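Here is how the chains run, residue by residue.
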Amino acid sequence: MDNNKAITPRHFLDLDDFSYATLRSILDLAIELKTKLKNGEHPSLLNNKILAMIFEQTSTRTRISFDVGMRQLGGETIMLAGADMQLAKDETLSDTAQVMSRYVDAIMIRILSHDDLLELARSSSIPVINGLTRRSHPCQVMADIMTYEEHRGSIKGIKVTWLGDANNVLLSWIHAAKIFDVELTISVPNEYSPDQGMLADISQAGNNIKLNSNPNEAVKNADLVMTDTWVSMGDKDVDQRLKILAPYQVDKNIMAKANENALFMHCLPAHRGHEVTSDVIDGAQSVVFDEAENRLHIQKAILCYVFGIEKLN
Ligand code: CP
Ligand code: NVA
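Note that the structure is predicted; figures quoted are calculated from it, not measured. (Residues numbered from 1 in each chain as written. Chains lettered and ligands numbered in written order. Predicted model: local features only at pLDDT ≥ 70, side-chain atom pairs only at ≥ 80, totals over all residues. Heavy atoms only, no water.)

### Focus: the pairing of strand β1 (residues 50-55)
(1) Moving on: Across the six residues that make up β1, a large majority, five, are buried.
(2) Moving on: Across six bridges, the pairing between β1 and strand β2 (residues 76-81) is parallel. Bridge pairing in β2 links Ile50 to Glu76.
(3) Moving on: Between the parallel pair β1 and β2, the chain is carried across by helix α2 (residues 61-72), and the sense of this crossover is right-handed.
(4) Moving on: Here β1 pairs with strand β3 (residues 106-110) via five bridges, running parallel. Within β3, the residue paired with Leu51 across the bridge is Ala106. (Buried < 20%, exposed > 50% of the residue type's maximum accessible area, 1.4 Å probe, protein only. Helix = DSSP H or I, 4+ residues; strand = E, 2+ residues; numbered from the N terminus. Pairing = 2+ DSSP bridges. Right-handed = clockwise from strand over helix to strand, strands pointing away.)

Spelled out as structure tokens, the structure:
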């Protein structure tokens, strides 16, 4: 708890708020924490800290992994459904943030509007973590990078191909491409191409990003093939999306055009038969459950970071 507004809290809102060095140190800490956990060690780094989690939308991974992660570090959690709070009626985000800052030590929130996330963070004197907005999903992409590096070594210079919808997970990958020096090829249909906001982030990333609406070409030489649901939280045009995005399904033929040892990733939840076929997501190149596990380890390191702990000891 900290109601001293003179101290700027360490939020975790978007990857492009951070330097390479900071994100790398979070990844290093995540690996250390994972190793310790596997050895049965539970460093109580967040004793007496309370994380409040607000979910305006459904979640399995984010909800459970933050809850378990906080407990493994000696802290506690409070789970709040946005619909049960006065926020859902007419209390402002600013008042909510100021009140919560008097009770708990950090907030993790899943909320559709990124502007609302930013407003909450501006009014909060405790750290706020982005657990997914319509714009971005930074915790997910940190877990993805950790997973790639565990399987194949440094992510620097690899070729990542994103197929399907231009959504929140992709935006965090666009940020990561510049920071980690990854070549990201985005293959999306013209009807669901990046909006103005995403195009601005793409142009910031410069030469690291390529757009190619032909999925067969885009996937050539890929070291990592990624997709996500065609219908994200808040999307309404479901039937049209399923039809227009169908040519971007990741199947065996697409994977065969990538590098022989390419990995397949998906943040989950997945829709077999839509964005990915069962033989790919359940096949040898898929690391989706390692990605899901690593949400736990990377978020423990993110929690440590927002509380000012960057190293063990
Ligand atoms: N990938 C992810 O954020 O999953 P949940 O929606 O289950 O939290
Ligand atoms: N793009 C998806 C991610 C779910 C974790 C969504 O926003 O629904």
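### Let's talk about the pattern of salt bridges
(1) Moving on: Under the defined criterion, the tally for this structure stands at 16 salt bridges.
(2) Moving on: Notably, a salt bridge pairs Glu150 with Lys34, separated by 3.0 Å at the nearest N-O pair. Here Glu150 is found in helix α5 (residues 138-152), whereas its partner Lys34 is found in helix α1 (residues 20-38), with 116 residues between them in sequence.
(3) Moving on: By relative accessible area, Glu150 is classed as partly exposed at 35%. (Salt bridge = Lys/Arg side-chain N within 4 Å of Asp/Glu carboxyl O.)

### Concerning the environment of Thr62
(1) Moving on: Along the chain, Thr62 turns up in helix α2.
(2) Moving on: Each C-alpha atom of the pair Thr62 and Leu296 lies 8.4 Å from the other, and the pair is 234 residues apart in sequence.
(3) Moving on: The contacts of Thr62, once residues within four sequence positions are left out, are Phe55, Met108, Arg110, Gly131, His137, Arg295 and Gln299.
(4) Moving on: Side-chain polar atoms of Thr62 contact the side chain of Arg110, separated by 2.8 Å.
(5) Moving on: Among the polar contacts listed, one links the side chain of Thr62 to the side chain of Arg295, at a separation of 2.8 Å. (Contact = heavy atoms within 4.5 Å. Polar contact = N/O pair within 3.5 Å; in protein donor to acceptor, adjacent residues only side chain to side chain.)

### Points about the sheet that holds strand β7 (residues 209-211)
(1) Moving on: Spatially, five strands are ordered β7-β6-β5-β8-β9 in an open sheet, and the strand pairing comes out parallel. Two strands lie at the open edges of the sheet, namely β7 and β9 (263-266), each paired on one side alone. Across this sheet, the average inter-strand angle for adjacent strands is 20 degrees, counted without regard to direction.
(2) Moving on: Pairing of strand β5 (residues 159-163) with strand β6 (residues 183-187) involves five bridges; the strand directions are parallel. Among the inter-strand pairings, Trp162 is bridged to a residue of β6, identified as Ile186.
(3) Moving on: Sitting on the sheet, helix α6 (residues 168-180) touches β5, β6, β7 and β8 (224-227), and the angle it makes with β6 is about 150 degrees. (Axes fitted to C-alpha atoms, helices over the stretch in contact; angles between N-to-C directions.)

Taken by themselves, the reported measurements are silent on function.
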